Amino acid sequence: PWQPEVELAAFSIDVEDALVPYELAAFPEREFYRNAGSTRKDGLEAVLVVQPTDRLSAILSYTYSDFKYEDFDSPGGDFGGNRLPGVPEHFGNLRINYLHPSGFSVIWNTRFVGALQADDANTTEVSGYTFSDVRLSWKRRFGDWTFEAFGGVNNLFDKEYSANIRINAFGGRYFEPAPERNGYAGLRVRYWFGE
């Protein structure tokens, strides 16, 4: 009988003179960098793989990140003890795969991103969010030819969230919104020439 697979990893990293991005009012479209005195990154990663049948499998992953400035005295203030911006404390992903003998398959992917900080001062917190994508495909082989038709929907439930955070952006321009619900479709054809 098939047994679940579990992977665990813990890490601790000390970094001296880490590069930190920031913006200036006189150059709002440019990114500059300065050195933080020291940072400490402690974390835990876990992965669970479950495959109850040959057709159905699931992968669940989780990451805990405790990333902080240990020493960072900058022109904007003393940020020692603050969380590093741009990194969520909690991050998780669930991927479910189903494959039918006919060649039809479904992939469901759900991602959870916890709250994070947008600036070194930790004055702007970005709320956590969860979104899901789904992909359908059908693949068949005919001799040396392989045909695959596929399509999917990203952000299935039309969740509003920021896909990217501009760390330490001038004027509070931290947020870059993610696309709304969107779909795609395609056809892939392959030919095997052999030897």
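Below or above, wherever it landed, is the structure these notes cover. Values in this document were obtained by computation on a predicted structure and should not be read as measured data.

**Some thoughts on the sheet that holds strand 6 (residues 90-99)**
Note: strands within a sheet are paired through backbone hydrogen bonds, in either parallel or antiparallel orientation.
Thinking step 1. Strand order across the open sheet formed by eight strands is 1-2-3-6-7-10-11-14, with antiparallel pairing between neighbours. Pairing within the sheet leaves two strands with one partner each, and these edge strands are strand 1 (5-24) and strand 14 (182-191). If you compare each strand with its neighbour and ignore which way they point, the axes differ by 15° on average.
Thinking step 2. Note that strand 6 and strand 7 (residues 104-113) share nine bridges and pair antiparallel.

**A closer look at the pattern of salt bridges**
Thinking step 1. A complete count under the given rule lists eight salt bridges for this structure.
Thinking step 2. With a closest N to O distance of 3.7 Å, Arg83 and Asp66 form a salt bridge. Highlighted residues: Arg83 in the loop between strand 5 (77-78) and strand 6 and Asp66 in strand 3 (residues 56-71), separated in sequence by 17 residues.
Thinking step 3. Note on Arg83: relative accessible area 17%, which makes it buried.
Thinking step 4. Residue Arg166 is joined to Glu176 by a salt bridge in which the shortest nitrogen-to-oxygen separation is 3.6 Å. Remark: Glu176 occurs in strand 13 (residues 175-177) and Arg166 occurs in the loop between strand 12 (162-165) and strand 13; sequence separation between them is ten residues.
Thinking step 5. Taking the relative accessible area as the measure of exposure, Arg166 reaches 24% and is therefore partly exposed.

About the thresholds
- Residues numbered from 1 in each chain as written.
- Predicted model: local features only at pLDDT ≥ 70, side-chain atom pairs only at ≥ 80, totals over all residues.
- Heavy atoms only, no water.
- Pairing = 2+ DSSP bridges.
- Helix = DSSP H or I, 4+ residues; strand = E, 2+ residues; numbered from the N terminus.
- Axes fitted to C-alpha atoms, helices over the stretch in contact; angles between N-to-C directions.
- Salt bridge = Lys/Arg side-chain N within 4 Å of Asp/Glu carboxyl O.
- Buried < 20%, exposed > 50% of the residue type's maximum accessible area, 1.4 Å probe, protein only.

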